[in-house]
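Observations on the model geometry
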Amino acid sequence: MTEEYSIVVEQLCRRFGDFTAVDHISFSVKRGEIFGFLGANGAGKTTTIRMLCGLLLPTSGHASVAGLDILTQSEAVKQVIGYMSQKFSLYEDLTVAENLEFYAGIYGLRGAAFRRERQRVIEMMGLAGFIDKLTRDLPTGWKQRLALSCAVMHHPQVLFLDEPTSGVDPIARRQFWNLIYSLAAGGQTIFVTTHYMDEAEYCNRLSIMHAGKIIAVGSPSELKRRYRKSTVEQVFIGLVKAGEAA
Amino acid sequence: MKQRVIALMRKEFIHIIRDLRSLAIIFLLPILMVIIYGYAVTFDVKEIRLAVLDESRSLESRRLSESLTASRYFLLVARLQSREEIEPLFLERRARAVLIIPRSFAQDLVAGSAQVQAVIDAADASTAVVAVNYLRSGLLQHSLTLNEAAFRPPMRIEPRVWYNPDLKSTFFIVPGLIAVIMMMICALLTSVTIARERETGTMEQIFVSPVHPWEIIIGKMSPYVILALLDGLGILLFARLVFKVPFRGSSLLFLALSIIFVVASLSIGLMISTRAKTQQAAMMIALLSTLMPSLLLSGFLYPIASLPKLLRVISVVVPAKYFLIIDRGIILKGAGMSQLLEPTLFLTLFSLVLMGISIKTFKMHF
């Protein structure tokens, strides 16, 4: 199991008072897969990702990331995951180089290893021209690349991306997805939430979430075949309408 | 572990260096406060502006007014002709006190019992009290010179004022300033910097990394500890060079107890940051809960004994109060550990309790 699956979620549940944000969801993600989490705002995507990253405790249920239990081995989980939030959590008053150095530092990267990783992400993300710029002066698309760089320098086995492309123009979004593909090709498992339907088409497999529940899982082509639609968007709208009618 | 703490510290120093607001609080504020409190806000009242209404117009009355205005405590600003002139003088703030010497002064003096009247502008009550006291002792002095043999009071006081023989207020203010500045840097700046990381989401980004909560606390707080202690040292040096404020005690003891105070202040900052959602909120709470009590309820500006009962009770939980006893003791009196045991115990107790609570709440918030 642990060899084949990077993320295994069983009956995971999170309540905030009377409100159930995530309602007994179960799914698993294979190693090296780009797994999309599709849903409207408030569907429970971010709550799920925060539980898997150890930022939030589940009310009930189990989950493991890279073979490690998120409840009992949360410290070990933190070593093997990367996380990029929709806010691009960067220090605006630090330069690009200083942000990279800081995030490498908190993962314990230093010396030759740090310089090697720094060079790798700078080349991969094309950040060379911005290295000494203050982060607040970067265009949004470049902030997004820097945030991704900071999240992958320590070679996480599983990378969590929470709406990584919100507020970014379509060209930058396309380029960003190319980066995600190259990371996945390197063997990293990518767990990405989005509400952009075109991005959903890029994923290996998708899970559609609505009102805290997973209402469909499968590859984009499987889903389109199963529900007899020509795009993921039509699949999504059909499912959500059916869900609300029921 | 060391690596992660160093990364956090480095980053925090960069934040401080690039942020004008924190730079101002760390470097400009202490200098400004020392200068303002050292030069401008002296509680020693000198040269009270005095006007004289001499109805006696005698040699005796002239001697009295000369004897008063010759001292450095009074400055003669006007000679009045009538009582109607008094009020305009006070309204225009040209004089604080008026001495009225009655027509019969010279005869009464010969008879052995003369009276003069003093009219005081008490819009500023504390200066008025000082003026009355100065006039009283000025008159006493003058009486003695007139007829020392006849006038022999049964008791006299010979004051010897220790530790601050000239009763300079800088001696009194500087130790207080050190406490206030350290409190400001530790409680205000740290609560704001943590609130900022929560606002921008970077705190969350740190929490998903393998960094332990106490590494975050050490990494984020130690730059402020260093700066607070440097500021304390800077104020001491400045006060010594410019205002000749002595340092009579052990510097090692001073450093050790300063660290305890700094830990208490940091813990308050940490506690504020776990509750405040925004930087503005953190700043407001920090100002109200640390700066105000440190200024008003610590014995810095007003003696604790002069506070109303309720405030005196509150002052029991103001850490600056204990640190003030300690640093005044070390700086001015050269007191040692054994004499400062009680405030040190209280301060240490506070630091431990506050640190415990703040670390607990800090963990709960992620």
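All of the points below concern the structure found in this document.

Attention shifts here to the overall build of chain B. Looking only at helices and strands, chain B features 14 helices and four strands. The C-alpha atoms of chain B give a radius of gyration of 27 Å, which is well past the 21 Å a tight globule of 366 residues would have. Projected onto its principal axes, the C-alpha positions of chain B cover 95 × 45 × 40 Å. Partitioning the contacts of chain B with sequence separation of at least 6, the portion at a separation of at least 24 is 78%. For chain B, the computed accessible surface area is about 18900 Å², with 65% contributed by carbon and sulfur atoms. One finds the centroid of the 38 positive side-chain charges in chain B at a distance of 9 Å from the centroid of its 25 negative side-chain charges.

This brings us to the sheet that holds strand β9 (residues 205–210) of chain A. Residue and element names in this part refer to chain A. Ordered by their spatial adjacency, six strands build an open sheet running β6-β7-β8-β3-β9-β10, and the pairing between neighbours is mixed. Of all the strands in the sheet, the pair left with one neighbour each is β6 (81–84) and β10 (213–218). Neighbouring strand axes in the sheet, compared pairwise and without regard to direction, differ in orientation by 15° on average. Here four bridges tie β6 to strand β7 (residues 158–162), and the two strands are oriented parallel to one another. Its bridge partner lying in β7, Y83 is registered against F160. Strands β3 (34–39), β9 and β10 of the sheet are contacted by helix α9 (residues 232–245), whose axis makes an angle of about 30° with β9.

Glancing now at the sheet that holds strand β3 (residues 97–101) of chain B. All names here are of chain B. Taken together, four strands build an open sheet; the order of strands is β2-β1-β3-β4 and the sheet is mixed. Looking at strand neighbours, the two that pair on one side only are β2 (74–80) and β4 (117–120), the edges of this open sheet. The mean inter-strand angle of the sheet, taken between neighbouring strand axes irrespective of direction, is 25°. Contacts from helix α6 (residues 125–146) reach β1 (48–54), β2, β3 and β4 within the one sheet, and its direction differs from that of β4 by about 160°.

Now for the packing of helix α7 (residues 169–200) of chain B against helix α9 (residues 213–243) of chain B. Residues and elements named next belong to chain B. Orientation of α7 relative to α9, taken along the N-to-C sense of each, is 160°, at an axis distance of 9 Å. Comparing their axes, α9 and α7 come out roughly antiparallel. With respect to the hand of their crossing, α7 and α9 are arranged in right-handed fashion. Residues that form the contact of α7 with α9 fall into these classes: 19 nonpolar, four polar and three charged.

Right, let's talk about the interface of chain A and chain B for a bit. The extent of an interface is frequently quoted as the accessible surface area lost upon association of the parts. Listed by partner, the interface residues are 28 residues for chain A and 26 residues for chain B. Around 2400 Å² of area is buried between chain A and chain B when both sides are counted, 56% of it from carbon and sulfur atoms. The interface formed by chain A and chain B holds four salt bridges in total. Among the salt bridges present, the one from R50 of chain A reaches E204 of chain B, with a minimum N-O distance of 2.3 Å. At the boundary of chain A and chain B, one finds twelve residue pairs in polar contact (both at pLDDT 80 or more). Mapped by element, the contributors of at least two residues to the side of chain A that touches chain B are α2 (74–80), β6 and α3 (96–106) of chain A. The leading source of residues in the side of chain A that touches chain B is α3 of chain A, at six residues. Taken together, the residues of the side of chain A that touches chain B break down into 14 nonpolar, six polar and eight charged.

Attention shifts here to a nonpolar patch on the surface. Residues and elements named next belong to chain B. Together, M284, I285, L288, M292, L296 and Y302 make up a nonpolar patch on the protein surface, roughly 570 Å² of accessible area in all. Assignment of secondary structure puts M292 in helix α11 (residues 279–296). What makes M292 partly exposed here is its relative accessible area of 41%.

Residues and elements named next belong to chain A. Where strand β1 (residues 5–16) meets strand β2 (residues 19–30), eight bridges bridge the pair, whose relative direction is antiparallel. Residue pairing for β2: F16 is matched across the bridge by F19. Linking two consecutive strands that pair antiparallel, namely β1 and β2, is a turn of two residues; a positive phi of about 65° is found at G17 within it.

Once that is clear, we can look at the pattern of salt bridges. Applying the stated rule across the entire model yields 20 salt bridges over all chains. With its nearest N and O atoms 2.8 Å apart, the salt bridge here joins E163 of chain A to K45 of chain A. Linking E163 of chain A in the loop between β7 and α6 (170–185) with K45 of chain A in helix α1 (residues 45–52), this pair joins segments that are 118 residues apart in sequence. The salt bridge involving E197 of chain B is made with K11 of chain B; its shortest N-O contact spans 2.6 Å. Taken together, the residues span a long stretch of sequence, with E197 of chain B in helix α7 and K11 of chain B in helix α1 (residues 2–18) at a distance of 186 residues. Across this residue pair, the class does not change: E197 of chain B and K11 of chain B are buried. Connected via shared salt-bridge partners are K11, E12, E197 and K220 of chain B.

Attention now goes to the packing of aromatic side chains. Within the structure shown, the criterion is met by 22 aromatic pairs over all chains. Ring geometry for Y73 of chain B versus Y134 of chain B: centroids 4.6 Å apart, planes at 50°, classification tilted. With Y73 of chain B in the loop between α3 (59–70) and β2 and Y134 of chain B in helix α6, the pair connects residues that are 61 residues apart, well separated along the chain. Residues F247 of chain B and F254 of chain B carry aromatic rings whose centres are separated by 5.6 Å and whose planes lie at 90° to one another, so their mutual orientation is edge-to-face. Connected via pairs of aromatic rings, a cluster forms that spans F27, F35, F37, F160 and F191 of chain A. Residue placement shows K11 of chain B over the ring face of F102 of chain A; its charged tip is 5.1 Å from the ring centre. Here R328 of chain B stacks its cationic end above the ring of F172 of chain B, 4.0 Å away from the centre of that ring.

Turning next to unusual backbone geometry. Despite not being glycine, H155 of chain A shows a phi value in the positive range, around 50°. Note on placement: H155 of chain A falls in the loop between α5 (140–152) and β7. The backbone of K244 of chain B sits at a positive phi, close to 55°, despite the residue not being glycine. Looking at where K244 of chain B falls in the secondary structure, it is placed in the loop between α9 and α10 (251–275). Residue classification places K244 of chain B among the exposed positions, given a relative accessible area of 57%.

Reading the values: rules and limits
Residues numbered from 1 in each chain as written. Chains lettered and ligands numbered in written order. Predicted model: local features only at pLDDT ≥ 70, side-chain atom pairs only at ≥ 80, totals over all residues. Heavy atoms only, no water. Helix = DSSP H or I, 4+ residues; strand = E, 2+ residues; numbered from the N terminus. Rg over C-alpha atoms; globule rule 2.2 N^0.38 Å. Contact = heavy atoms within 4.5 Å. Areas by Shrake-Rupley, 256 points an atom, 1.4 Å probe, with all protein chains shown as cover. Lys, Arg positive; Asp, Glu negative; His and termini not counted. Charge placed at Lys NZ, Arg CZ, Asp CG, Glu CD. Pairing = 2+ DSSP bridges. Axes fitted to C-alpha atoms, helices over the stretch in contact; angles between N-to-C directions. Parallel < 35°, antiparallel > 145°, perpendicular 65-115°, else oblique. Left-handed = near helix turned anticlockwise from the far one by under 90°. Nonpolar A, V, L, I, M, F, W, Y, C, P; charged D, E, K, R; others polar. Buried area = accessible area lost by both parts, 1.4 Å probe. Salt bridge = Lys/Arg side-chain N within 4 Å of Asp/Glu carboxyl O. Polar contact = N/O pair within 3.5 Å; in protein donor to acceptor, adjacent residues only side chain to side chain. Patch = residues over 30% accessible without salt bridge, like charges linked within 9 Å, V, L, I, M, F, W, Y side chains within 5 Å. Buried < 20%, exposed > 50% of the residue type's maximum accessible area, 1.4 Å probe, protein only. Phe/Tyr/Trp six-rings, centres within 6.5 Å; stacked < 30°, edge-to-face > 60°. Lys NZ or Arg CZ within 6 Å of the ring centre and 35° of its normal.

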